Amino acid sequence: MKFILTKDYDDMSRKAANVIGAQMILKNNSVLGLATGSTPIGTYKCLAERNAAGDLDFSQITSVNLDEYRGLPHENDQSYYYFMHDNLFSKVNIDCNNTYVPDGTIADAEEACSKYEEIIAATGGVDLQLLGLGHNGHIGFNEPADVFPKLTHCVDLTESTIQANARFFASKEEVPTQAYTMGIQTIMNAKKILVVVSGSDKAAIVKKAFFGDITPQVPASILQLHPDVTIVGDAEAFAEIKDMI
Ligand code: GLP
């Protein structure tokens, strides 16, 4: 695993955008696995600026997102579909027909999830997967569990995740309790993985996930077994590992 220590959130965002930009320059038709949450917002902003400046071209890029709340329509401003269009797709020259987010509006979970695996397979596979990190070690919406869930599936969100995401909704009661998410195997199939972490509230889980035991109770710990992982974090998020990297 490669750890890139950055000064602060803005520095983390620029460096993460550099890694994604390098991937796009080396392979202009890359398949990018994208993430939501507050951490990658600055990265998307940098990518949009570089696209506007003519330095990065999204015209041949395909994207597949990690997850989506079950039941939220696209136009709901808390859906991850909306998030991606708002933060990235509407700001760059990507062809929206080549952007995929699990469809939270498909009520039949099995159908929604198997359809998504087919979509990912049809892209030819993810070249670079961007990930954030949940406070309990979740990646995508793979919550702590007894086994690593393999493929795209429907999850019951944990109380801590609902709590953490309540800040984006008018009230906690409005946070959906289920989501569709790529599974651990789906994520591990990506050729490269880029994790972004920021803030002191992530310091403990960063240490546990990347230096602790590999266990489905800390889903991100599986990344220790992936051959090409880069973790870009700011000083606060790396506070507990700075002497280990
Ligand atoms: C959500 C998303 C994850 C994300 C996590 C962390 O639960 N499903 O993909 O990584 O939140 O979010 P944040 O970056 O806001 O801390």
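Residues numbered from 1 in each chain as written. Predicted model: local features only at pLDDT ≥ 70, side-chain atom pairs only at ≥ 80, totals over all residues. Heavy atoms only, no water.

Engineer: Which residues make up the overall build of the protein chain, and what are the values?
Structural biologist: Helix and strand content of the protein chain: seven helices and 10 strands. With respect to the three principal axes, the spread of C-alpha positions in the protein chain is 50 × 45 × 35 Å. Residues classed as buried in the protein chain amount to 53% of the 245 residues present. When contacts within the protein chain are restricted to residue pairs at least 6 apart in sequence, those whose partners lie at least 24 apart make up 79%. Taking the average location of the 19 positive side-chain charges in the protein chain and that of its 32 negative ones, the two points are 8 Å from each other. (Helix = DSSP H or I, 4+ residues; strand = E, 2+ residues; numbered from the N terminus. Buried < 20%, exposed > 50% of the residue type's maximum accessible area, 1.4 Å probe, protein only. Contact = heavy atoms within 4.5 Å. Lys, Arg positive; Asp, Glu negative; His and termini not counted. Charge placed at Lys NZ, Arg CZ, Asp CG, Glu CD.)

Engineer: Residues and numbers for the site of the ligand, please.
Structural biologist: Inspection of the region around the ligand gives 13 residues, with Ser38, Thr39, Asp67, His138 and Lys202 positioned closest. Between the ligand and Gly140, the relevant distance is 3.3 Å, taken from a nitrogen atom to a main-chain nitrogen or oxygen of the residue. Side-chain polar atom of Lys202 to an oxygen atom of the ligand: 2.6 Å apart, as the coordinates give it. Within the complex, the protein chains bury 96% of what would otherwise be the 390 Å² of accessible surface of the ligand. Under a 2 Å grid-point criterion requiring more than half of the atoms, the pocket assigned to the ligand is the largest pocket. Its residues placed into classes, the shell around the ligand shows three nonpolar, seven polar and three charged. (Near = heavy atom within 4 Å. Polar contact = N/O pair within 3.5 Å; in protein donor to acceptor, adjacent residues only side chain to side chain. Areas by Shrake-Rupley, 256 points an atom, 1.4 Å probe, with all protein chains shown as cover. 1 Å grid on protein atoms, 1.4 Å probe; cavity = no way out; pocket = protein on both sides within 12 Å on 5 of 7 lines; lining within 4 Å. Sits in = over half its atoms within 2 Å of the grid points. Nonpolar A, V, L, I, M, F, W, Y, C, P; charged D, E, K, R; others polar.)

Engineer: Explain the packing of helix 1 (residues 9–26) against helix 2 (residues 41–52) to me, and be specific about the residues and the numbers.
Structural biologist: Packing of helix 1 against helix 2 brings their axes to within 8 Å, and their N-to-C directions diverge by 55°. Classified by the interaxial angle, the pair formed by helix 1 and helix 2 is oblique. The way helix 1 lies across helix 2 gives a crossing that is right-handed. For the pair formed by helix 1 and helix 2, the contact residues are Tyr9, Ser13, Arg14, Ala16, Ala17, Asn18, Ile20 and Gly21 on the first element and Ile41, Gly42, Thr43, Cys46, Leu47 and Arg50 on the second. (Axes fitted to C-alpha atoms, helices over the stretch in contact; angles between N-to-C directions. Parallel < 35°, antiparallel > 145°, perpendicular 65-115°, else oblique. Left-handed = near helix turned anticlockwise from the far one by under 90°.)

Engineer: I'd like a rundown of the environment of Ile25, residues and numbers included.
Structural biologist: By the element assignment, Ile25 lies in helix 1. Take Ile25: its relative accessible area is 62%, and that puts it in the exposed class. Not counting chain neighbours up to four residues away, the residues in contact with Ile25 comprise Asp55 and Leu56.

Engineer: An account of the sheet that holds strand 6 (residues 128–131) is needed here, citing residue identities and associated values.
Structural biologist: The sheet built from seven strands is open, its strands ordered 1-10-9-6-2-3-5 with parallel pairing. Pairing within the sheet leaves two strands with one partner each, and these edge strands are strand 1 (2–6) and strand 5 (99–100). As paired strands, strand 9 (residues 192–197) and strand 10 (residues 229–234) are joined by five bridges and run parallel to one another. Directly across from Val195, in strand 10, lies its bridge partner Ile231. Of the strands in this sheet, strand 1, strand 2 (31–34), strand 6, strand 9 and strand 10 are in contact with helix 1, which crosses strand 9 at around 165°. (Pairing = 2+ DSSP bridges.)

Engineer: Go over the pairing of strand 2 with me, naming the residues and quoting the values.
Structural biologist: In strand 2, alternate side chains face the same way, and those of Val31 and Gly33 on one face and Leu32 and Leu34 on the other are all buried. Relative to strand 3 (residues 62–65), strand 2 runs parallel, the two sharing four bridges. Paired with Val31 across the two strands is Thr62, which belongs to strand 3. In this view, the connection linking strand 2 to its parallel neighbour strand 3 by way of helix 2 has right-handed handedness. Bridge analysis of strand 2 against strand 6 gives two bridges, and the strand direction is parallel. Residue pairing across strands places Gly33 opposite Gln129, the latter belonging to strand 6. (Right-handed = clockwise from strand over helix to strand, strands pointing away.)

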